[in-house]
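So the chains spell out like this:
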Amino acid sequence: MENLKTSIKSFSFVTAGRLILRGGNILKTVFVAKILGLTPNEFGLFGIAVLVAGLIEIITETGINVFLLQEKEPVQKYQDTAWVISIWRGLFIFIIIFLSAPLIATLFHSPQALNLIRLISLVPLIRGLIHPACISFQKILRFDSDFYYRSLIVFIELLFTAIFTLYYRNAYGLVWGLIFSAVFETLLSLLLFRPLPKFILDKIQARLILSRGKFVTAYGIFDYLYTNGDNIIVGLLLGYTALGLYQNAYRISTLAASETMGIFYKVSLPNFVQISHDKKALFTASKKYLLPYSLLLIFINLVVFFFADFFVHLLLGPAWIMAVPLVKILSFMGTIRAVTYSFNALFISLKLQQNVTIITLTSMTVLLISLVPFIHLFGLVGAGYSALLASISALPVTFYFLKKTHP
């Protein structure tokens, strides 16, 4: 009974936290798109900068957070080494993005994006200084504390984005909002968590973290290309205006499903890790989670599909009407992807990161093979069809690994 109460409490706080996080992002999008009237052009320029920063961050992912969650020892044992790795990674990302900005702006035929890309390179540099112990709330299942911590960060990002966008009236306001949010999150982590990390690198610990994280890195790269490959190709082939349309259609259509998935993952992973020594109990627990979760996803998909026109008009305004067909297609993609991703917590709790990597690699491969032909055949909606096909392709691989892993 006590475990049930704890699970319900954890689920409640994680749900509230995800709603605050994504609700803040939606409010930001609505504010700058509908109220301030930022066009798909501006969103496209911002999208290019975010895509670049995200790609470099993923390529250099070390898997520190997953490692710290998996380890039975307190976070403090590894925090110094984890912090040093994070700082060097942030500096490396900053240099790569800043130096490659002219080439990237040329590839996307958008010289206007050059300074935006250079400006956004500051975000990973700043975030590299975040205290590694910020993962502690999740590790010890203090989801209430994690909720308050994340909610404050979301509020500050929303506030600064609103202020800067009101001032600039273009994509620079969105980038400056990210920068100030990163500064705030870094300072908050260093104020809240003790002891403070020291700039000390333990080579044995570093090798352990990086070795364990190699599959997390590979998964991150494949997942990024799977979830953003369509954005990249759309931007390269159809221009940044089409990119702005596609990204916001993607955001609306997959929001509910992806957030439900995020809640499931965040609550289930720490709990699954604690019972991972007992495979039978682990699979029993996962089944109890998955059935209601899957039914909820199907319901969400149907609502988004049938009311796509309403959601686009409500959130973005009539200027974004071309996004409606994309929202309908991508709503199915988001649901199938979320169901597939729901098994990630199970695999990672068993330290089977390679399963997650292979599943994501399958989807990424299908996406990249089908994307260009589908765009040539169907235009912008072809990217949606390609993403849908890629999500379906992951299901048989996932079920194969489940059968293989089942006790």
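First, a word on what this report is: a plain description of the structure on this page. (Residues numbered from 1 in each chain as written. Predicted model: local features only at pLDDT ≥ 70, side-chain atom pairs only at ≥ 80, totals over all residues. Heavy atoms only, no water.)

1. A closer look at the nonpolar core
Operational definition: Nonpolar cores are built from buried Ala, Val, Leu, Ile, Met, Phe, Trp, Tyr and Cys residues. Side-chain atoms within 4.5 Å join them into one set. The classification of residues rests on relative accessible area computed with a 1.4 Å probe and restricted to protein chains. Under 20% of the type maximum is buried, over 50% is exposed, and intermediate values are partly exposed. Going along the chain from the N terminus, every DSSP run of H or I of four or more residues is numbered as a helix, and every run of E of two or more is numbered as a strand. In this analysis, two residues are considered to be in contact whenever any of their non-hydrogen atoms come within 4.5 Å of each other.
Core analysis: the largest hydrophobic core is formed by 35 residues, its most contacted members being Val234, Tyr246, Val327, Leu330 and Leu380. Secondary structure elements with two or more residues in this core: helix H11 (214–238), helix H12 (240–274), helix H13 (279–306), helix H14 (308–315), helix H15 (324–341), helix H17 (353–378) and helix H18 (380–405). In this view, Leu380 contacts Val234, Leu238, Ala242, Leu245, Tyr246 and Leu326; residues no more than four positions away in its chain are not counted. Formed by 29 residues, the second largest nonpolar core is a distinct cluster that contains Phe46, Ala49, Leu116 and Ala182.

2. Here's the deal with the environment of Arg337
For Arg337, the position within the fold is in helix H15. For the pair Arg337 and Thr227, spaced 110 residues apart in sequence, the C-alpha to C-alpha distance is 9.8 Å.

3. Points about the packing of aromatic side chains
Definition in use: Stacked, tilted and edge-to-face are the three classes assigned to paired rings of Phe, Tyr and Trp, where Trp is represented by its six-membered ring and a pair needs centres within 6.5 Å; plane angles under 30 degrees give stacked, over 60 edge-to-face, the rest tilted.
Evaluated as defined, the whole model comprises 17 aromatic pairs. Ring geometry for Phe160 versus Phe164: centroids 6.3 Å apart, planes at 25°, classification stacked. A residue pair is termed a helical-turn pair when its members lie 3 or 4 positions apart in one helix, as Phe160 and Phe164 do in helix H8 (residues 143–168) at 4 residues. For Phe160, a relative accessible area of 23% translates into the label partly exposed. Phe164 gets classed as buried once you look at its relative accessible area, which sits at 16%. An angle of 85° between the planes, with centres 6.1 Å apart, marks the rings of Phe374 and Phe378 as edge-to-face. Taken as a pair, Phe374 and Phe378 lie in helix H17 at a separation of 4 residues, close to a single helical turn. Phe374 sits in the partly exposed class, given a relative accessible area of 22%. These aromatic residues form a ring-pair network of at least three members: Phe160, Phe164, Trp176 and Phe180.

Just geometry here; none of it tells us what the structure is for.
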